[in-house]
Amino acid sequence: MKRIYVNEKWCLGCHLCEYYCAFANSGKDDMAKALKGVKINPRIRVEEGEKINFAVSCRHCEEPLCVKSCITGALTIKDGLISFNKDKCVGCYTCIMSCPYGCIMPDGSGHAVQKCELCTKNACGEPACVKGCPNQAIVFEER
Amino acid sequence: MSKIVIIGNSAAAVGCIEGIRSVDKASEIVVISDEQHHVYSRPLISYLLLGSTDRQRMKYRPDSFYADNMTDVMLGKTVVAIDPKAKNVKLKTGEVISYDKLLVATGSSPFIPPMKGLDKAKKCFTFMKLDDALALEKELTPKSRVLVIGAGLIGLKCVEGIADRVGSISVVDMADRILPSVLDKDGAQLVQSFIEKRGVKFYLNDSTAEISENKAVLKSGAEVDFDILVVAVGVRPNISLLKDIGADCGRAIKVNEKCQTSIEDIYAAGDCTESYDISADTNRVLALLPNAYMQGETAGVNMGGGEKVYDNAIPMNAMGMFGYHMITAGSYDGDVYTETDGMNYKKLFYKDNRLVGYIIIGDVERAGIYTSLIRQRTPLNEIDFELIKSKPQLMAFSAQRRAKELAQRH
């Protein structure tokens, strides 16, 4: 399965991936309208250091601790993709406790979480963060 | 092809079924449950009363789950005995079900200590199963005065679930703080103050001296009027089926890393077992849904002919009260790093070059990075501990480890 992988040496720390993520999942078709004046809550996050930056999003683990720990069955794995069903989530944050990469976060409502689903549930079709990365610091491929 | 029987129908049973089917599509699986319900998530009963889930959404797996996994389910049936020589289980109805391999996932039951006058309280409930919640719900009115005995996870989630549906809530606990099994004193105080703002009244360091139909007199002399009593002082593992046949039991059923009991072809998982807590180097009952699932899954893979060990169990809890969240894990031992900032509170406990536990209240983002340090027993001198103390982040790892985690499939 194709996953998102990080080339941290190439990351400029520009945060464009975060904006593309927020736009792709906004349900809107105009980036300016979707993001203007909005405090974004993206599913990919850039960690910034003195010498190095990198973006982190769901690793789609083969043995996903989030799925095994989810108390509701809102998180599931099928054909390698870890999906999230907001309808079942009660916002207990057991998945936040379980994810070793810190890639599941509150969704802003305070009653549910959110995570990267590789843009399979929005109009983008393939990860918007990767398409928007200007320096190939994140790639979408088989490894 | 063999026949696998599972006693119990909650998280450990589901883990077991999914574990079996990951390696074995052929074996017959039979689930026997004394409840009448399709598998549901026990911890969701408070959310059901709160209205943030419903009977359909609280199903832990879809309606097609048993069929999808070629599993027969016997609901409303109670197992009364196991015969390990003849390899069968006997039901209350007299039916006998044979097995080649057996999983005991019988969970735990509410513990009700002797309390003077308890029998006089007409509306008295425990809060563990769906039927408990449904029975309690029937009695709730906007005027109800509710007394909850026990300020642990179960008692307080019950409080949250019913808070907007009753007139008043009082909570009594013998401990000096709320959530004594997961919070330290300062953290508990923070959460208690927050809950008190919702009108909940706490009586700590206290217990009931005498209960009458609508009143409890506490040891301190305080009197609490109530219409509804909820007893949530703790749970006891359901071990009698295995204890009766001589299986190795402590407080709960003892299992090895493959989740085998001391009796051949019998496995056990979930709240009825003891786990080896690697954060405290000791055996403990870890009555937590994730632990139940992972034990069940481990048992299932091994029962189905695969190989799996579960050897990094730790206590861990994610809990919210009225939107105020806390995540805790591991044991609270060793050196302490503390950070507090109004409503946010963090304590990290570290010992012998390892993180062994944490308490985080408020801003819980990325707490799983800390959980992982505990479960993987990551040597702290291999990471930038100063950096990760203030905020959980992957930047604290070496570039080499990051390359492994972020640039490889796993």
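Residues numbered from 1 in each chain as written. Chains lettered and ligands numbered in written order. Predicted model: local features only at pLDDT ≥ 70, side-chain atom pairs only at ≥ 80, totals over all residues.

Peer 1: Just give me the short version of the sheet that holds strand β16 (residues 228–231) of chain B, but keep the residues and values in it.
Peer 2: All names here are of chain B. If you walk across this open sheet you meet the five strands as β9-β16-β10-β11-β12, and the pairing is parallel. The open sheet terminates on both sides in strands that have one partner only, identified here as β9 (124–125) and β12 (201–203). Note that strand β10 (residues 145–149) and strand β11 (residues 168–172) share five bridges and pair parallel. Within β11, the residue paired with Arg 145 across the bridge is Ser 168. (Pairing = 2+ DSSP bridges. Helix = DSSP H or I, 4+ residues; strand = E, 2+ residues; numbered from the N terminus.)

Peer 1: Just give me the short version of the confidence of the model for chain B, but keep the residues and values in it.
Peer 2: Mean pLDDT for chain B: 97, with 100% of residues reaching 70 or above. Across the whole predicted complex the pTM is 0.97, and at the interface the ipTM reaches 0.98. (pLDDT = per-residue confidence, 0-100.)

Peer 1: Hey, could you go over the packing of helix α1 (residues 11–23) of chain B against helix α8 (residues 289–303) of chain B for me, with residue numbers and the actual values?
Peer 2: Residue and element names in this part refer to chain B. It is at 6 Å that the axes of α1 and α8 come closest, and there the two elements cross at 35°. In terms of crossing hand, the pair formed by α1 and α8 is right-handed. Taking contact as the criterion, the partners of Ala 11, Ala 12, Ala 13, Val 14, Gly 15, Cys 16, Ile 17, Glu 18, Gly 19, Ile 20, Ser 22 and Val 23 in α1 are, on α8, Leu 289, Ala 292, Tyr 293, Met 294, Gln 295, Gly 296, Glu 297, Thr 298, Ala 299, Gly 300, Val 301 and Met 303. Broken down by class, the residue content of the contact of α1 with α8 amounts to 15 nonpolar, seven polar and two charged. (Axes fitted to C-alpha atoms, helices over the stretch in contact; angles between N-to-C directions. Left-handed = near helix turned anticlockwise from the far one by under 90°. Contact = placed C-beta atoms within 7 Å. Nonpolar A, V, L, I, M, F, W, Y, C, P; charged D, E, K, R; others polar.)

Peer 1: For the sheet that holds strand β20 (residues 273–277) of chain B, give the residues involved together with the corresponding values.
Peer 2: All names here are of chain B. Across the sheet, which stays open at both edges, the three strands sit in the order β18-β20-β21 with mixed pairing between neighbours. Every interior strand has two partners, whereas the edge strands, β18 (253–254) and β21 (282–284), have only one. Bridge analysis of β18 against β20 gives two bridges, and the strand direction is parallel. Its bridge partner being in β20, Ile 253 is matched across the sheet by Thr 273.

Peer 1: Which residues make up the environment of Ile 82 of chain B, and what values do they have?
Peer 2: All names here are of chain B. Its location among the elements puts Ile 82 in strand β4 (residues 79–83). On a C-alpha basis, the gap between Ile 82 and Tyr 66 in space is 24 Å, while along the polypeptide they are 16 residues apart. Apart from the residues within four sequence positions on either side, Ile 82 is in contact with Val 89, Leu 102, Leu 241 and Ile 245.

Peer 1: Any details on the interface of chain A and chain B? Residues and values, ideally.
Peer 2: Facing the 35 residues of chain A at the interface are 40 residues of chain B. The residue inventory of the side of chain A that touches chain B, partitioned by class, reads 15 nonpolar, 11 polar and nine charged.

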